[in-house]
Amino acid sequence: MSVQRIHAIFEKDLKDLPRNIALLMLPVSNILLALIYSLTVDGEPPIAFLYLIAGATFSMVTSGIMMSMIAEENEKNTMRGLIQSPASLLDIIIGKSLVTGIITAISLMVSLMIVGIEPLMNFRAIIGLILMFLFFLLVGIGIGLFSKSLAATSGYLMPVMFLFGFTPMIATFQLAEDSIIIRTTNTFPIMQAIELYDNNFWMPLGILTAWIIGAALFTFICFRKVMTDD
Amino acid sequence: MENAIEVKGMQKIFGEHTAINKVSFNVKQGEIFGFLGPSGSGKTTTVKVLTGELKQTVGDVKVLGIDSENFGSSAFKSQVGILSDNSSLYERLTIYDNLKLFCKLYGAPLKQIDVVLREVNLHDERSKIVSTLSKGMKQRVLLAKALIHNPKLVFLDEPTSALDPGNMAHIHRGLQKLNEAGTTIFLTTHNMEEATELCDRVAFLHNGELQELDSPNSLRYKYSTHAFHVETFKGNRLVIDNQPDQADQIRDLIANGEIKAMHTDNPTLGQIFLKVTGKELE
Ligand SMILES: Nc1ncnc2c1ncn2[C@@H]1O[C@H](COP(=O)(O)OP(=O)(O)OP(=O)(O)O)[C@@H](O)[C@H]1O
Ligand SMILES: [Mg+2]
């Protein structure tokens, strides 16, 4: 690992991202979503809604941009050039993660400010948001590594968005409280972040950590697969 | 270490298909080595094995004294420059920003960017976005990228295939200068004039097997019929064997002032290529 090489990748991707219209659409549509809501609904938004906005940001922006950046390097064969240089795959991923982190922070701030960020300005909420970021970042890295093309990533991004990004929406399907779907999705990262926010502390923290470990394992397997591919 | 590359009994098998079959050769430190052969003969596959992109199925491969097991090490990567047949650039960035990235990844000083841009004749275009460049210009940026860290050994897979004669000549001079400064060059090409002009030695590959390996001049001598081709002022064309019993005939022609032109029958590398491979030039 080398700070200089991480910085080189970071600088390159930071310069490239504003010129990549397809990728810019992700944070833009996320902010639009928040705008539409704030224009149509009056008054204080329910807390689950703030987390829905956060989930949309993390899935579309964090996972979406991360997997697209890596998959595009695979598709355009530029990854080869990076690997041929002394940069390690870890340097490349960390450099890209930093860019993704900045874009995530900006679009999360902007979209939450549009709907009302105050309820989330506390320690528990911020811990939950950081853990969610890590989870979605790792998912994005893993999917990016095994995606050979940009087109493939959009197929993977959809389920990530609907399952993990928009989990609070499932409550609007009017399923029974104790149905298997509700009980399962209640353990998903966003629901646990909400739980962390307004109920327990340690239990949801543990479950969120387990999700991150699971995502890290998934990413590690993808990482190994890429390293040993002929 | 005298050899930059040492290959012993190398074989590369893709499924059922043997792309390279028991190939052995050495490339000396400081030479320009040409790897020639028809399309599909295994040139790119060889470059990929020598640069660690593919692993050989069988055989010993050593580059700059480093065993192929360790081609992933930074010791290997920092000494080797690669222009592969599928290298590509960041299309939305400028030439300069592309090279800056690799300059930093290799830990080379930023002033190297200007040095290599001059070498490939692109210094005035450095602020152009890559997606707006012609194929030949992109090819030259890729060459600049391969040279940015001043590598000891460069692998160039068809570096001049998209270039016009002017730029080709410029690149050839650049490669010769680079070589005089001590860089070993491993080059594949379909251009036989290029190989004749640049290479100290060339290897002919056919169906994954090495057919010939020598200097262009030695090969031309080897494949020569050793006859003299004579054109007389009367318009006759004679072929005279280079044999003692033919000496009188040549002496008479000279004595009578009949010879308009006379040359030995050394084939070009292109003709040798056709003979060795039994294929048309691509
Ligand atoms: N990844 C692969 N899987 C299967 N077969 C392959 C693979 N790569 C190359 N081959 C086969 O190996 C043979 C040699 O290919 P290679 O690309 O090395 O040829 P080449 O000499 O570089 O040709 P060209 O002059 O057209 O670039 C071909 O028959 C090709 O189809
Ligand atoms: Mg080839």
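Given the structure is predicted, the values throughout are model-derived calculations rather than measurements. (Residues numbered from 1 in each chain as written. Chains lettered and ligands numbered in written order. Predicted model: local features only at pLDDT ≥ 70, side-chain atom pairs only at ≥ 80, totals over all residues. Heavy atoms only, no water.)

## A short note on the pairing of strand 12 (residues 237-241) of chain B
Residues and elements named next belong to chain B.
Working step 1: By the bridge criterion, five bridges tie strand 11 (residues 227-232) to strand 12 in an arrangement that is antiparallel. Of the residues in strand 12, the one forming a bridge with Ala227 is Asp241.
Working step 2: Connecting strand 11 to the antiparallel partner strand 12 that follows it, the hairpin turn spans four residues, and Gly235 within it adopts a positive phi of roughly 95 degrees. (Pairing = 2+ DSSP bridges. Helix = DSSP H or I, 4+ residues; strand = E, 2+ residues; numbered from the N terminus.)

## So, the site of ligand 1
Residue and element names in this part refer to chain B.
Working step 1: If you check the shell around ligand 1, you find 13 residues, and the closest are Ser39, Gly40, Lys43, Thr44 and Thr45.
Working step 2: In this structure, an oxygen atom belonging to ligand 1 sits 2.8 Å away from a main-chain N or O atom of Gly40.
Working step 3: Between ligand 1 and Ser41 there is a distance of 3.3 Å, counted from an oxygen atom to a backbone nitrogen or oxygen.
Working step 4: About the coverage of ligand 1: the protein hides 62% of its 640 Å² of free accessible area.
Working step 5: Taken together, the elements giving at least two residues each to the shell around ligand 1 come down to strand 2 (17-28) and helix 1 (43-50).
Working step 6: Take the shell around ligand 1: its biggest share by element is three residues, from helix 1.
Working step 7: Classifying every residue of the shell around ligand 1 by side-chain character gives three nonpolar, eight polar and two charged. (Near = heavy atom within 4 Å. Polar contact = N/O pair within 3.5 Å; in protein donor to acceptor, adjacent residues only side chain to side chain. Areas by Shrake-Rupley, 256 points an atom, 1.4 Å probe, with all protein chains shown as cover. Nonpolar A, V, L, I, M, F, W, Y, C, P; charged D, E, K, R; others polar.)

## Re the packing of aromatic side chains
Geometrically, a pair of aromatic rings is defined through the distance of the ring centres and the angle of the planes.
Working step 1: What the rule picks out here adds up to 21 aromatic pairs over all chains.
Working step 2: Ring geometry for Phe25(B) against Phe186(B): centres 6.3 Å apart, planes inclined by 25 degrees, an arrangement best described as stacked. Here Phe186(B) lies in strand 8 (residues 184-188) and Phe25(B) lies in strand 2, a separation of 161 residues in the sequence. There is no split in this pair, since Phe25(B) and Phe186(B) are both buried.
Working step 3: Put simply, the rings of Phe58(A), Phe133(A), Phe135(A), Phe136(A), Phe164(A), Phe188(A) and Trp211(A) touch in pairs and so form one group of aromatic residues.
Working step 4: Lying across the ring of Phe102(B), Lys145(B) places its NZ or CZ 4.7 Å from the centre. (Phe/Tyr/Trp six-rings, centres within 6.5 Å; stacked < 30°, edge-to-face > 60°. Buried < 20%, exposed > 50% of the residue type's maximum accessible area, 1.4 Å probe, protein only. Lys NZ or Arg CZ within 6 Å of the ring centre and 35° of its normal.)

## Examining the interface of chain B and chain A
Working step 1: With 25 residues of chain B at the contact, the number on the chain A side is 25 residues.
Working step 2: Interface of chain B and chain A: buried area, both sides summed, is about 2400 Å²; carbon and sulfur atoms make up 52% of it.
Working step 3: Interface area lost by chain B to chain A is led by Tyr90(B), Arg92(B) and Leu105(B), which between them contribute 31%.
Working step 4: Taken together, the connections running from chain B to chain A amount to six salt bridges.
Working step 5: Counting every contact that joins chain B to chain A gives 10 residue pairs in polar contact (both at pLDDT 80 or more).
Working step 6: Among the elements of the structure, helix 2 (74-79) and helix 3 (95-105) of chain B are those that each provide at least two residues to the side of chain B that touches chain A.
Working step 7: Ranked by the residues each element gives to the side of chain B that touches chain A, the list is headed by helix 3 of chain B, at six residues.
Working step 8: Across the side of chain B that touches chain A, the residue classes break down as 10 nonpolar, six polar and nine charged. (Contact = heavy atoms within 4.5 Å. Buried area = accessible area lost by both parts, 1.4 Å probe. Salt bridge = Lys/Arg side-chain N within 4 Å of Asp/Glu carboxyl O.)

## Things to note about the nonpolar core
Working step 1: Counting residues in each nonpolar core, the largest one holds 118 residues, and the members touching the most others are Tyr51(A), Leu82(A), Leu99(B), Phe204(B) and Leu269(B).
Working step 2: The greatest single-element share of this core, amounting to 16 residues, is contributed by helix 3 (residues 47-75) of chain A.
Working step 3: When neighbours within four sequence positions are excluded, Leu99(B) is seen to be in contact with Ile113(B), Val116(B), Leu117(B), Val141(B), Ala144(B), Lys145(B) and Ile148(B).
Working step 4: Among the nonpolar cores identified, the runner-up in size contains 28 residues, and Ala19(B), Leu50(B), Leu54(B) and Ile66(B) belong to it. (Core = buried A, V, L, I, M, F, W, Y, C linked by side-chain atoms within 4.5 Å.)

## Some words on the packing of helix 5 (residues 89-115) of chain A against helix 10 (residues 202-228) of chain A
Packed helix pairs are characterised by how far apart their axes lie and by the angle those axes make with each other.
Residue and element names in this part refer to chain A.
Working step 1: At a minimum axis separation of 12 Å, helix 5 and helix 10 run at an interaxial angle of 135 degrees. With respect to helix 10, the axis of helix 5 lies oblique. Of the two possible hands of crossing, helix 5 and helix 10 adopt the one that is right-handed. Packed against helix 5, whose contacting residues are Leu89, Leu90 and Ile93, the element helix 10 presents Phe223, Val226 and Met227 at the interface. (Axes fitted to C-alpha atoms, helices over the stretch in contact; angles between N-to-C directions. Parallel < 35°, antiparallel > 145°, perpendicular 65-115°, else oblique. Left-handed = near helix turned anticlockwise from the far one by under 90°.)

## Overview of the side chain of Thr188(B)
All names here are of chain B.
Working step 1: Tracing the sequence through the fold places Thr188 in strand 8.
Working step 2: A polar side-chain atom of Thr188 sits 2.5 Å from a polar atom in the side chain of Asp157.
Working step 3: Ignoring anything within four residues of it in the chain, the contact list for Thr188 reads Phe35, Lys43, Val47, Leu156, Asp157, Glu158 and Pro159.

## Remarks on the pattern of salt bridges
Working step 1: A full pass over the atoms with the stated rule returns 20 salt bridges over all chains.
Working step 2: Residues Glu73(A) and Lys12(A) are paired through a salt bridge, measuring 2.7 Å at the closest nitrogen-oxygen approach. Here Glu73(A), found in helix 3, pairs with Lys12(A), found in helix 1 (residues 3-16); they are 61 residues apart in sequence, far enough to count as distant. Residue Glu73(A) shares its accessibility class with Lys12(A), and that shared class is buried.
Working step 3: Between Asp16(A) and Arg92(B) there is a salt bridge, with the nearest N and O atoms lying 2.8 Å from each other. Of this pair, Asp16(A) sits in helix 1 while Arg92(B) sits in the loop between strand 6 (80-83) and helix 3, which puts the two residues in different chains.
Working step 4: Here the salt bridges do not stand alone but share partners, grouping Lys12(A), Asp13(A), Glu73(A) and Lys96(A) into one network.

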